[in-house]
Amino acid sequence: MTDAGAFSDEVIERLRTEREVRIETRRPPDGPVHKTIIWVVVDGGRAYVRTYLGARSRWYREALAHPDVTLWLGKDAVPVRVVPATDPAQVEAVSRGFEAKYPRSQSTAAMVRDEVLETTLELLAR
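Residues numbered from 1 in each chain as written. Predicted model: local features only at pLDDT ≥ 70, side-chain atom pairs only at ≥ 80, totals over all residues. Heavy atoms only, no water.

A. Structural view of the layout of surface pockets. Computed from the structure, the largest pocket encloses a volume of approximately 180 Å³. Around the largest pocket sit 13 residues that line it, and Ile 37, Ile 38, Trp 39, Tyr 52 and Met 111 are the ones nearest its centre. For the lining of the largest pocket, the per-class residue count stands at seven nonpolar, four polar and two charged. (1 Å grid on protein atoms, 1.4 Å probe; cavity = no way out; pocket = protein on both sides within 12 Å on 5 of 7 lines; lining within 4 Å. Points joined across faces, edges and corners; volume = space filled by probe spheres on them. Nonpolar A, V, L, I, M, F, W, Y, C, P; charged D, E, K, R; others polar.)

B. Structural context of the pattern of salt bridges. Counted under the stated rule, the structure contains 10 salt bridges. Arg 113 is paired through a salt bridge with Glu 115; the nearest N and O atoms lie 2.9 Å apart. One connected set of salt bridges, linked through shared partners, spans Arg 14, Glu 18 and Asp 76. (Salt bridge = Lys/Arg side-chain N within 4 Å of Asp/Glu carboxyl O.)

C. Main features of the pairing of strand β3 (residues 40–43). Relative to strand β4 (residues 46–49), β3 runs antiparallel, the two sharing four bridges. If you follow Asp 43 over to β4, its bridge partner there is Arg 46. Linking β3 to β4, which pair antiparallel, is a turn of two residues; within it Gly 44 sits at a positive phi near 60 degrees. (Pairing = 2+ DSSP bridges. Helix = DSSP H or I, 4+ residues; strand = E, 2+ residues; numbered from the N terminus.)

D. Structural context of the side chain of Gln 90. Looking at the secondary structure, you find Gln 90 in helix α3 (residues 88–101). Those residues in contact with Gln 90 that lie beyond four places of it in its chain are Asp 43 and Tyr 48. (Contact = heavy atoms within 4.5 Å.)

E. How the structure looks around the environment of Glu 20. Positionally, Glu 20 belongs in the loop between α1 (9–17) and β1 (21–26). For the pair Glu 20 and Ala 100, spaced 80 residues apart in sequence, the C-alpha to C-alpha distance is 14 Å. Here Glu 20 is in contact with Ile 37, Ile 38 and Trp 39, once residues within four sequence places are set aside.

Right, dumping it as structure tokens:
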């Protein structure tokens, strides 16, 4: 039995290893679907995302407004709920996770800037 909001071991492993996934958001709930490529990191069996664009990112604003979103791992849809990650130690761990998972990407520095840390979201299974 898994905890509420916990992903299966298989999904966590895929989130840990997939370089990029797509997040599907919409605003309003009956509006058009938007899919955007994002990065995911796993820390301690929990999954997190963040936007390098900060609070102006469309997918981020839509996810905050309607937190039930879908992640696409290849052709597999994974229903998730996003919640803001507010614990400073956890947000820092997520930054280290981005640096470890994406060490050779020029975009990594943008993902760990102070200005975007507040956009860290935890992904919960639904």
